[in-house]
Every structure is written in C-alpha cells, then in structure tokens.
Amino acid sequence: MTRTAFFISDGTGITAESLGRSLLAQFESVEIRMLTKPYIDSLDKARTLVAIIEATAARDGEQPIIIDTVVDEQIRAVIREAPGFKVDIFSTFLKPLEEELEAHSSYSVGRTHAIGRDDVYMDRIHSVHFALDNDDGARTHQYDQADIILVGVSRCGKTPTSLYLALQFGIRAANYPLTEDDLDENGTLKLPKVLAQHRHKLFGLTIDPRRLAAIRHERRPNSRYSSMDQCVQEVEQAEGLYRQLHVPYIDTTRFSVEEISTRMIAETGLTRRFSPR
C-alpha cells in the first residue's frame, strides 16, 4: 500500500514535518511518500496546493494524509477543501491547552523556529563553529573548552553527532579519530597523549564492521581502508580500549544521529545549553 502525506505550513514546515514523520514512522507496513510544502502563506498558494492534492488523490486512488500547522484561518479553510485525512496540529493541541491554561495562544507564524533570544541563537552558532573547528582532531589545544570529546574509528559517525549536539543542544563537542598512528610497538591501540588529560570528557563510538566496510567502500572502493579485515581489526581495538579505560561508548550501527545524541546526553548527564527547536 502506498499513500502520500503532505506536511503543510505557512512557515518553514519544520514542526509539521517533524511531528508528521514521527507519527507515520510507526506504520512500517505502509509505504508513504512524504511531501513538505512550506510557506503556504496566501490564498492563491493554498488553492494551488489544493489542486495538487486533488490530483494526487486521483492518481493514488487513496486520499492523502494532510498534516498542517497553518495559522491563518482563511488559508486553513481553503486547505480543508482538499480531499484527504487531515491532522490539524494547532487546532488539535492548542485549543485544549488554551482551556487548561485559561489563556489564548498567539497563533504566530514561525514562532517555534524563530531566532528568539539573541544569546541562545549566538550560543548555537558558537557551538557549531566549535564542532567544525575541532573536527577530526584538528585543534586539540581547544579540548579544555569542550563539553565532550567523541572518539572512534574513521567513518563511525563522530562528525554528524558532534554537529547535531552543537546545533540542537548547544553542546561543544570535539571529535578525535583513532587510527594506526595510535598503535604502540606491539600493535596495540593506546590512548593518545593529547586525550589523556581529558579522559573524563571522552565518549566512544563504535560500529558493526560490515556496516563500516560498506561506508568506507563508498569513499575508497577496493582499498585496504575499506577491507573487512581492516574494519574488524580497528573496531575490535577501539572497543578493547574503551573497555580497558572504562570509556562509555555506544554502537551507532542501528541508531540515528538523534538517538545517538540523546542516549549520550542521558548517559553522561551533559548539560544542554538550550532545548532543540
């Protein structure tokens, strides 16, 4: 079964898409084509979109799923004319909240993802810059400023996790790759000296060697770097180091960057400088 879902907003569409994807992800047996339609902020745009939805319903032979966060009542009225199963997020949740809080909501377009307080916004930017500056062991002299230092073999997810922590939570995350340069004369992986004084900040990432080999093959096909033997060896050595030094770690193989980050925060007790928006 294939259905089409429209995420509609008179703003960025981020809220409608985020909630919509979370809800629809629970229906694994249904193939859903997801379309985000942001900035539907005029009656003409709304009417054009309704025509698209009507054509989609005729093509699919099923009514589309319509999830919207449109604020303007006139635009919402036009969208209600479209054939589809509708989930109006604002009217569904805000009206009961208004009754409970005994207050009227502002119904402001873009309120959720606006810049808001300048200090919070700038903290987000500084955290992202820190993650970029300290990617892949680039500036180890800044590790005293890091909230956390991610360690792991190449291509196990350190960079995207660092950036997500920065962007969503304002956490200053550095990351350091464990490579053959960190092997001792016996071929055993040792903690790099540059990390020793920051051991309390370390958090390890690991990954299934088969998945790692597939990822590396896309970057350097048919190389020693992407060979299964090399991947198995590196992962085993990294995990051995984590266990030896009691460094907490997580297997990133089946987790999204969102899950990796939130699990990491829960396990380490890292302080979020702000909540995700």
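Everything here concerns the structure above.
Residues numbered from 1 in each chain as written. Predicted model: local features only at pLDDT ≥ 70, side-chain atom pairs only at ≥ 80, totals over all residues. Heavy atoms only, no water.

S.K.: Quick question: what am I supposed to make of the pattern of salt bridges here?
M.R.: For side chains bearing opposite charge, pairing can occur when the charged atoms are close. This model, assessed by the stated rule, comprises 13 salt bridges. Its salt-bridge partner being Arg-47, residue Asp-44 comes within 3.3 Å of it at the nearest N-O pair. Taken together, the positions of Asp-44 and Arg-47, both in helix α2 (residues 43–60) and three residues apart, correspond to about one turn of that helix. By relative accessible area, which is 47% here, Arg-47 ends up partly exposed. As a salt-bridge pair, Asp-133 and Arg-139 come within 4.0 Å of each other at their nearest N and O atoms. A residue is classified by how much of its surface remains accessible, and Arg-139, at 37% relative accessible area, is partly exposed. Several salt bridges share partner residues, and in doing so they unite Glu-73, Arg-76, Arg-80 and Asp-88 into one network. (Salt bridge = Lys/Arg side-chain N within 4 Å of Asp/Glu carboxyl O. Helix = DSSP H or I, 4+ residues; strand = E, 2+ residues; numbered from the N terminus. Buried < 20%, exposed > 50% of the residue type's maximum accessible area, 1.4 Å probe, protein only.)

S.K.: How should the sheet that holds strand β4 (residues 85–88) be read in this particular structure?
M.R.: Whenever strands of a sheet pair, they do so through backbone hydrogen bonds, lying parallel or antiparallel. Reading across from one edge, β2-β1-β3-β4 is the order of the four strands in this open sheet, with parallel pairing throughout. A strand with exactly one partner marks an edge of an open sheet, and here the two such strands are β2 (31–37) and β4. The average angle at which neighbouring strand axes cross in this sheet is 20°, direction not considered. Bridge count for strand β1 (residues 2–8) against strand β3 (residues 65–68) is four bridges, and the pairing is parallel. Across the sheet, Phe-6 pairs through a bridge with Ile-66, a residue of β3. Helix-sheet contacts for helix α1 (residues 14–24) involve β1, β2 and β3, and the interaxial angle to β1 is about 155°. (Pairing = 2+ DSSP bridges. Axes fitted to C-alpha atoms, helices over the stretch in contact; angles between N-to-C directions. Contact = heavy atoms within 4.5 Å.)

S.K.: Where do I start with helix α6 (residues 158–169) in this structure?
M.R.: Think of an α-helix as 3.6 residues a turn; residues three or four steps apart then line up on the same face. Over its 12 residues, α6 extends 16 Å from the first C-alpha to the last, a length consistent with the 16 Å expected when each residue adds 1.5 Å. All of the buried residues in α6 are Lys-158, Thr-161, Ser-162, Tyr-164, Leu-165, Ala-166, Gln-168 and Phe-169. Looking one or two residues past α6, Gly-170 carries a phi angle of roughly 70°, positive in sign. (Expected span 1.5 Å × (residues − 1).)

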